[in-house]
Amino acid sequence: SQQGEEDPQALSIQEGENATMNCSYKTSINNLQWYRQNSGRGLVHLILIRSNEREKHSGRLRVTLDTSKKSSSLLITASRAADTASYFCATLWDYKLSFGAGTTVTVRA
Amino acid sequence: SAVISQKPSRDICQRGTSLTIQCQVDSQVTMMFWYRQQPGQSLTLIATANQGSEATYESGFVIDKFPISRPNLTFSTLTVSNMSPEDSSIYLCSVGVDTQYFGPGTRLTVL
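Since this is a predicted model, take the numbers as computed values, not measurements.

**Things to note about the pairing of strand β5 (residues 43–50) of chain A**
Residue and element names in this part refer to chain A. As paired strands, strand β4 (residues 31–37) and β5 are joined by seven bridges and run antiparallel to one another. Residue pairing for β5: L32 is matched across the bridge by I49. Linking two consecutive strands that pair antiparallel, namely β4 and β5, is a turn of five residues; a positive phi of about 45° is found at S39 within it.

**Considering the interface of chain B and chain A**
In this complex, chain B contributes 22 residues to the contact, which on the side of chain A involves 22 residues. Between chain B and chain A we count two salt bridges in total. The salt bridge involving D98(B) is made with R50(A); its shortest N-O contact spans 2.8 Å. Inspection of the chain B/chain A interface yields 10 residue pairs in polar contact (both at pLDDT 80 or more). Contributions of two or more residues to the side of chain B that touches chain A are made by β4 (31–37), β5 (43–50), β9 (89–95) and β10 (101–102) of chain B. Residues that form the side of chain B that touches chain A fall into these classes: 11 nonpolar, eight polar and three charged.

**Let's talk about the sheet that holds strand β7 (residues 68–72) of chain B**
All names here are of chain B. Taken together, four strands build an open sheet; the order of strands is β1-β3-β8-β7 and the sheet is antiparallel. The open sheet has two edge strands, β1 (4–7) and β7, and neither has a second partner. If you compare each strand with its neighbour and ignore which way they point, the axes differ by 15° on average. Of the strand pairs in this sheet, strand β3 (residues 19–25) and strand β8 (residues 75–80) are connected by six bridges, and their pairing is antiparallel. Considered in β8, the bridge of Q24 is made with F75.

**Let's talk about the pattern of salt bridges**
Residue and element names in this part refer to chain A. Under the counting rule described, the total for this entry stands at six salt bridges over all chains. The salt bridge partner of E55 is R62, with a shortest N-O separation of 3.1 Å. Accessibility expressed as a relative area gives 29% for R62, which makes it partly exposed. Measuring nitrogen to oxygen at the nearest pair gives 2.9 Å for the salt bridge that ties D83 to R60. With a gap of 23 residues between them, D83 in the loop between β8 (71–76) and β9 (85–93) and R60 in the loop between β6 (55–58) and β7 (61–66) connect regions that are remote in the sequence. Classification of D83 as buried rests on a relative accessible area of 7%. Given a relative accessible area of 23%, R60 falls into the partly exposed group.

**What about the sheet that holds β6(A)?**
All names here are of chain A. The strand order β1-β3-β8-β7-β6 describes an open sheet built from five strands, whose pairing is antiparallel. Each having just a single partner strand, β1 (6–7) and β6 make up the two edges of the open sheet. The pairing of β7 with β8 spans six bridges and is classified as antiparallel. Bridging from a neighbouring strand, V63 pairs with L74 of β8.

**Section: the state of the cysteines**
Scanning all chains against the criterion turns up two disulfides over all chains. Note that C23(A) is cross-linked by a disulfide to C89(A), the S-S spacing being 2.0 Å. Classification of the bridge connecting C23(A) and C89(A) rests on its S-S torsion, roughly 70°, and on that basis the disulfide is right-handed. Within this pair, whereas C23(A) is found in strand β3 (residues 19–24), its partner C89(A) is found in strand β9, the two being separated by 66 residues in sequence. This pair shows no difference in class: C23(A) is buried, exactly as C89(A) is. Residue C23(B) pairs covalently with C93(B) via a disulfide, S to S 2.0 Å. When the S-S torsion is 75°, as for the bridge of C23(B) with C93(B), the disulfide is right-handed. Taken together, the positions of C23(B) in strand β3 and C93(B) in strand β9 put the pair 70 residues apart, joining distant regions of the chain. As far as the burial class goes, C23(B) and C93(B) line up, both buried. No disulfide involves C13(B); its sulfur sits 17 Å from that of C93(B), the nearest cysteine. On the basis of relative accessibility, which here comes to 8%, the residue C13(B) falls in the buried class.

Criteria and thresholds
- Residue numbers run consecutively from 1 along every chain, following the written order of its sequence.
- Going through the entries in the order they are written, you letter the chains from A and number the ligands from 1.
- For a predicted model such as this one, the threshold for reporting local features is a pLDDT of at least 70, and the threshold for listing and counting side-chain atom pairs is 80 or more; totals across whole chains, interfaces and linings nevertheless cover every residue.
- Hydrogens and waters are ignored; side-chain quantities use all the structure's heavy atoms.
- DSSP-based pairing: two strands are paired if at least 2 bridges between them are found.
- Runs of H or I in DSSP of at least four residues are treated as helices and runs of E of at least two as strands, each being numbered from the N terminus.
- Between two residues, a contact is recorded if the distance between any of their heavy atoms is within 4.5 Å.
- Salt bridges are identified by distance alone: a Lys or Arg side-chain nitrogen within 4 Å of an Asp or Glu carboxyl oxygen.
- Within 3.5 Å is the distance limit for a polar contact, defined as a pair of N or O atoms, with the added protein rule that one can donate a hydrogen and the other accept it, and that residues adjacent in sequence qualify only through two side-chain atoms.
- Just so you know the grouping, Ala, Val, Leu, Ile, Met, Phe, Trp, Tyr, Cys and Pro go in nonpolar, Asp, Glu, Lys and Arg go in charged, and all remaining residues, Gly too, go in polar.
- Angles here are taken between N-to-C directions and fall from 0 to 180 degrees, while the axes themselves are lines fitted to C-alpha atoms, restricted in helices to the stretch in contact.
- Each residue is assigned to one of three classes by its accessible area relative to the maximum for its type, calculated with a 1.4 Å probe on protein chains only: buried under 20%, partly exposed between the two thresholds, exposed over 50%.
- Disulfides are defined in this document as cysteine sulfur pairs within 2.5 Å.

Next up, the structure:
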C-alpha cells in the first residue's frame, strides 16, 4: 500500500546544483530507505536510515529523518546528468516496504 | 548485497493467458517479496513468499490471480493469471529483512 507523499513530484535542475526531495509517511517504521529507478528499470538501493537516527551521509547523499513529523528528506549534492532518475522513499515495518509516490529528477547538462 | 535475476525481462501477452515470472537469488534468503509497478506509478507489495509456507497476500491481491511458488531458499515464481490489459505493469521481486534489494523487473504488456 502507498505510505505517503513525496514532494515535489518532479524536479528539474542544472548540473552541479543540489536536489532536495521530501517524503512523508503515516505509520510506525523500523527504518526508511531511498531508492533510485532509471527509466522503469529495477530499483537501486541508495541509503537506509533507522528510526533512531536523525541524519545519515553516503557520498553525495544526505538523508534526514524526523519521526515526530513523520518525514524524511534526501539531498543530492553537486548533481550530475547520471542522477536523472525517479527517486522513491520506502518505509519498512514488519519486514514490508511501503513506497512513496516518487520524485522524478531531471538534471540538465 | 544479493544478486537477483528475473526471467523474462519483458513479455507481450494476449488477454486471457497466464505468464509465470521467475526470480533467482545468488544466496539463500528466508523472505522474498513480489511487487507490482503500474505505468507511471509507485510500487505496491503483492505478497510475501517464505520457503515452506503459503505466500501471504496484501489487500487487493488474491492467490487465484497471482499464485506464488517458493520451492527453495533461492528461487520463487509469480504467475499472473487470466491476464487483462490492466495487468500491464512491471513486476519486481526483492529480498532482505532490513535492507531490501530488488531484481531488474519484468515488464509485462497485455494486449
